[in-house]
Amino acid sequence: MNLNHIIAGENQDENCPASPTGLKKHNWLSTNEIETKHGGEVFVRFICKRCKKTHDQLLSTEKFRLFERAIEMNKFMEY
Ligand SMILES: [Zn+2]
């Protein structure tokens, strides 16, 4: 399982250069870089499992709560 559905915007649709054909999407997982900001938004750093590109995303409290379990369960540990 990847977390592509959580990331809104352009990075979600970008092709991953490290995928077999170069034409598949990034395979986003979460990292340990998770930080609650003042005002309640949550900063989450995502990383592509294949090419190791990172993507920083601010999630609203509601969105973070909704996906918190998926974010916790799908961390990338090898970077
Ligand atoms: Zn990638």
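All values derive from a computational prediction rather than experimental measurement.

A. Structural detail: helix 2 (residues 61-73). In this model helix 2 runs 18 Å from its N-terminal to its C-terminal C-alpha over 13 residues, within 8% of the 18 Å that 1.5 Å per residue would give. Along helix 2, the sharpest change in direction is near 60 degrees and occurs at Phe-67.

B. Inspection of the nonpolar core at higher detail. By size, the foremost hydrophobic cluster in this structure holds 11 residues: Leu-3, Ile-6, Trp-28, Leu-29, Val-44, Phe-46, Ile-47, Cys-48, Leu-59, Phe-64 and Ile-71. Elements supplying a minimum of two residues to this core: strand 1 (28-36), strand 2 (42-48) and helix 2. With residues near it in sequence (within four places) discarded, Cys-48 still touches Cys-16, His-26, Asn-27, Trp-28 and Lys-53.

C. Main features of the sheet that holds strand 3 (residues 54-59). Reading across the sheet, the three strands line up as 1-2-3 and stay open at both edges, with antiparallel pairing between neighbours. For this open sheet the edge positions go to strand 1 and strand 3, each flanked by a neighbour on one side alone. Pairwise comparison of adjacent strand axes, ignoring direction, gives a mean angle of 25 degrees for this sheet. Pairing analysis gives six bridges linking strand 1 to strand 2, with the strands arranged antiparallel.

D. Representation of the pairing of strand 3. Pairing analysis gives six bridges linking strand 2 to strand 3, with the strands arranged antiparallel. Looking at strand 3, one finds that Val-44 is bridged to Gln-57. Here strand 2 folds back onto strand 3, and the loop between the two strands holds five residues, one of which, Lys-52, carries a positive phi near 70 degrees.

E. Region of interest: unusual backbone geometry. Despite not being glycine, Lys-52 has its phi angle at roughly 70 degrees, a positive value. You can call Lys-52 exposed: it has 11 C-beta atoms within 10 Å.

F. Structural context of the environment of Arg-50. Locating Arg-50 in the fold gives a position in the loop between strand 2 and strand 3. For the pair Arg-50 and Trp-28, spaced 22 residues apart in the sequence, the C-alpha separation amounts to 8.7 Å. Once you skip the residues sitting within four places of it in the chain, Arg-50 turns out to touch Cys-16, Ala-18, Ser-19 and Asn-27.

Cut-offs applied
- Residues numbered from 1 in each chain as written.
- Predicted model: local features only at pLDDT ≥ 70, side-chain atom pairs only at ≥ 80, totals over all residues.
- Helix = DSSP H or I, 4+ residues; strand = E, 2+ residues; numbered from the N terminus.
- Expected span 1.5 Å × (residues − 1).
- Bend = angle between axes of the 7 residues up to and from the residue.
- Core = buried A, V, L, I, M, F, W, Y, C linked by C-beta atoms within 7 Å.
- Buried ≥ 20, exposed ≤ 12 C-beta atoms within 10 Å, placed from the backbone.
- Contact = placed C-beta atoms within 7 Å.
- Pairing = 2+ DSSP bridges.
- Axes fitted to C-alpha atoms, helices over the stretch in contact; angles between N-to-C directions.

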